[in-house]
Amino acid sequence: MQEPKPACCRYKRTPRSQEAKKKLLNRLNRMIGQLGGIRKMVEEDRYCGDILMQVAAVQSALQALGYMMLQDHMETCVVEEIQNGNTAIVDEAIELAKKLK
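Residues numbered from 1 in each chain as written. Predicted model: local features only at pLDDT ≥ 70, side-chain atom pairs only at ≥ 80, totals over all residues. Heavy atoms only, no water.

J.: Kindly report on the overall build of the chain, identifying the contributing residues and their values.
T.: In terms of helices and strands, the chain carries three helices and zero strands. Tracing the chain from N to C terminus, the helices and strands come up as α-α-α. Here the chain holds 101 residues, and 13% of them are scored as buried. Expressed as a percentage of contacts within the chain between residues at least 6 apart in sequence, the contacts between residues at least 24 apart total 57%. About 8600 Å² of surface is accessible on the chain, with carbon and sulfur atoms providing 57% of the total. (Helix = DSSP H or I, 4+ residues; strand = E, 2+ residues; numbered from the N terminus. Buried < 20%, exposed > 50% of the residue type's maximum accessible area, 1.4 Å probe, protein only. Contact = heavy atoms within 4.5 Å. Areas by Shrake-Rupley, 256 points an atom, 1.4 Å probe, with all protein chains shown as cover.)

Here you go:
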């Protein structure tokens, strides 16, 4: 009989379609590119206001990605858990939504 893994070592998985995964990865890659641009701006001693505009753009893009993930979570994982009788998932979803503020 296998011993259960400690909580720190358990990973939940959410299968995603190739299209959904591609959409998320494209958004992440764009943000990574923006961060590289910000780094270059700092290295080049560019104007603070210009850098701050780029920081705001990355923050906005990251928040949009978070909301996409939350919507997907609600439409898939949360619905499935409620259908299986696990209403505690609602509390988790609320806490996740609060973190995205």
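Now that the structure has been shown, we can carry on.
J.: Please set out a nonpolar patch on the surface residue by residue, giving values where relevant.
T.: A surface patch of nonpolar side chains, about 270 Å² in accessible area, is lined by Leu25, Leu28 and Ile32. Relative to the assigned elements, Ile32 resides in helix 1 (residues 18-43). (Patch = residues over 30% accessible without salt bridge, like charges linked within 9 Å, V, L, I, M, F, W, Y side chains within 5 Å. Salt bridge = Lys/Arg side-chain N within 4 Å of Asp/Glu carboxyl O.)

J.: Provide a residue-level description of the layout of surface pockets, including the pertinent values.
T.: Estimates place the volume of the largest pocket at around 560 Å³. The wall of the largest pocket is formed by 22 residues, among which Thr14, Asp72, His73, Thr76 and Cys77 lie closest to the centre. Listed by contribution, the elements that provide at least two residues to the lining of the largest pocket are helix 1, helix 2 (48-83) and helix 3 (89-100). No other element matches the 10 residues that helix 2 contributes to the lining of the largest pocket. The class makeup of the residues in the lining of the largest pocket is seven nonpolar, five polar and 10 charged. (1 Å grid on protein atoms, 1.4 Å probe; cavity = no way out; pocket = protein on both sides within 12 Å on 5 of 7 lines; lining within 4 Å. Points joined across faces, edges and corners; volume = space filled by probe spheres on them. Nonpolar A, V, L, I, M, F, W, Y, C, P; charged D, E, K, R; others polar.)

J.: Just give me the short version of the packing of helix 1 against helix 2, but keep the residues and values in it.
T.: The geometry of helix 1 relative to helix 2 is characterised by a closest axis approach of 10 Å and an angle of 160° between their N-to-C directions. In this view, helix 1 runs roughly antiparallel relative to helix 2, as classed from their interaxial angle. Seen along the crossing, helix 1 lies across helix 2 with a hand that is left-handed. Taken together, the residues of helix 2 that come into contact with helix 1 (itself represented by Lys23, Leu24, Arg27, Leu28, Met31, Gln34, Leu35, Ile38, Met41 and Val42) are Asp50, Ile51, Gln54, Val55, Ala57, Val58, Ala61, Leu62, Ala64, Leu65, Met68 and Met69. Across the contact of helix 1 with helix 2, the residue classes tally to 17 nonpolar, two polar and three charged. (Axes fitted to C-alpha atoms, helices over the stretch in contact; angles between N-to-C directions. Parallel < 35°, antiparallel > 145°, perpendicular 65-115°, else oblique. Left-handed = near helix turned anticlockwise from the far one by under 90°.)

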